[in-house]
Amino acid sequence: MVAVAGEDDVRAWLTAARRVTVLTGAGISTESGIPDFRGPQGVWTKDPAAQQLFTLQNYVADPDVRRLAWRNRRDHPAWAAEPNAGHHALVALERAGRLRAIITQNIDGLHQRAGSDPASVIEIHGTLFEVECLSCGRRTSMRENLDRVEAGQDDPTCLDCGGIQKAATISFGQALRPDVLRQATLAAADCELLLAVGTSLQVQPAAGLAEVAVRAGARLVIVNLDPTPYDEIAHAIVREPIGAVLPRLVATAAGHR
Ligand SMILES: [Zn+2]
């Protein structure tokens, strides 16, 4: 389908819709100073050796990789980042009663920090702010583990079982959590409009949610600076900076409860 719809159409669709599912990627957070790691211009995409370093297999096998990973978590830009106008626009959409869910590929917690209901945010690639034991599954906060790193434990192990711990994020070579993927698929299949924001739609299975939505009869609106593999099935494509355009797109919807 050739996308001929413009911004006015998108505004009207959002104003009419009662169930909008939003799929967000790195592009919504780059304006908050968080670099894109996995996208086409991503840090890891352009440096495959760095990506290889952070596979689950290497993480488990190599204590040096784990020590480096803990330092990266401590220094991650998400700790200092603030939500931007794009995140706040989605909060406005939710408060207007239009939101079915936000499915995010980001691990930075900025949707929740902006004020989105945590129950509405589906973090398909996990979160930086929790730690999981790879042996017993125990979950603890990232903060308390980083405190142990600061205190000199450069690879803090599980206090229950002594197992290797990792951020509760999805590493390369690690499958998505089936329950989380199921929630995301349901939210994509059960919306009137899927708004894909700042995602290159190149990392599966997240990208495939765009097709799930369209097959279920939803409109697909893509807000992204670069072309995506799903542009030809989109009903509208908006190529403008997210922080500038998203507040405009949701303004009318947010004003009509
Ligand atoms: Zn454990």
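Look above for the structure.
The text that follows walks through the structure, step by step, so that each part is easy to find. (Residues numbered from 1 in each chain as written. Predicted model: local features only at pLDDT ≥ 70, side-chain atom pairs only at ≥ 80, totals over all residues. Heavy atoms only, no water.)

**Section: unusual backbone geometry**
Inference 1: Of note, the amide linkage connecting Gln 204 to Pro 205 takes the cis form, showing an omega dihedral of 5°.
Inference 2: Assignment of secondary structure puts Pro 205 in the loop between strand E7 (193-197) and helix H10 (209-215). (Helix = DSSP H or I, 4+ residues; strand = E, 2+ residues; numbered from the N terminus.)

**Some details on the coordination of the zinc ion**
Inference 1: Protein coordination of the zinc ion is provided by Cys 133 (SG), Cys 136 (SG), Cys 158 (SG) and Cys 161 (SG), with donor distances spanning 2.2 to 2.4 Å.
Inference 2: Seen from the zinc ion, its 4 donor atoms lie at angles of 100 to 117°, and the figure they make is tetrahedral.
Inference 3: For the zinc ion, the donor residues sit on a single chain with the sequence spacing C-x2-C-x21-C-x2-C. Here the residue Cys 136 occupies a position in the loop between strand E4 (126-133) and strand E5 (139-141), and Cys 158 occupies one in the loop between helix H8 (142-150) and strand E6 (165-169), the gap between them amounting to 22 residues. (Donors = N, O, S within 2.8 Å, 3.2 Å for Na, K, Ca; no water. Tetrahedral: all angles 85-135°; square planar, octahedral: opposite > 155°, others 65-115°.)

**Observations regarding the environment of Pro 35**
Inference 1: When you line up the elements, Pro 35 lands in the loop between helix H2 (27-30) and helix H3 (48-53).
Inference 2: Sequence separation between Pro 35 and His 76 is 41 residues; the distance between their C-alpha atoms is 9.9 Å.

**Describing the layout of surface pockets**
Inference 1: As a volume, the second largest pocket reaches approximately 300 Å³.
Inference 2: Lining the second largest pocket are 20 residues, and of these Glu 123, Gly 126, Arg 139, Arg 177 and Val 180 lie nearest its centre.
Inference 3: Among the elements of the structure, strand E3 (121-123), E4, E6 and helix H9 (178-189) are those that each provide at least two residues to the lining of the second largest pocket.
Inference 4: The biggest single contributor to the lining of the second largest pocket is E4, with 5 residues.
Inference 5: Residues belonging to the lining of the second largest pocket are distributed by class as follows: 10 nonpolar, 5 polar and 5 charged. (1 Å grid on protein atoms, 1.4 Å probe; cavity = no way out; pocket = protein on both sides within 12 Å on 5 of 7 lines; lining within 4 Å. Points joined across faces, edges and corners; volume = space filled by probe spheres on them. Nonpolar A, V, L, I, M, F, W, Y, C, P; charged D, E, K, R; others polar.)

**Overview of the packing of helix H5 (residues 63-74) against H8**
Inference 1: The interhelical angle for the contact between H5 and H8, taken along N-to-C directions, is 115°, at an axis separation of 10 Å. Considering the relative orientation of H5 and H8, their crossing is left-handed. Across the interface between the two elements, Trp 70, Arg 73 and Arg 74 of H5 pack against Met 142, Asn 145, Leu 146, Val 149 and Glu 150 of H8.
Inference 2: Residues that form the contact of H5 with H8 fall into these classes: 4 nonpolar, 1 polar and 3 charged. (Axes fitted to C-alpha atoms, helices over the stretch in contact; angles between N-to-C directions. Left-handed = near helix turned anticlockwise from the far one by under 90°. Contact = heavy atoms within 4.5 Å.)

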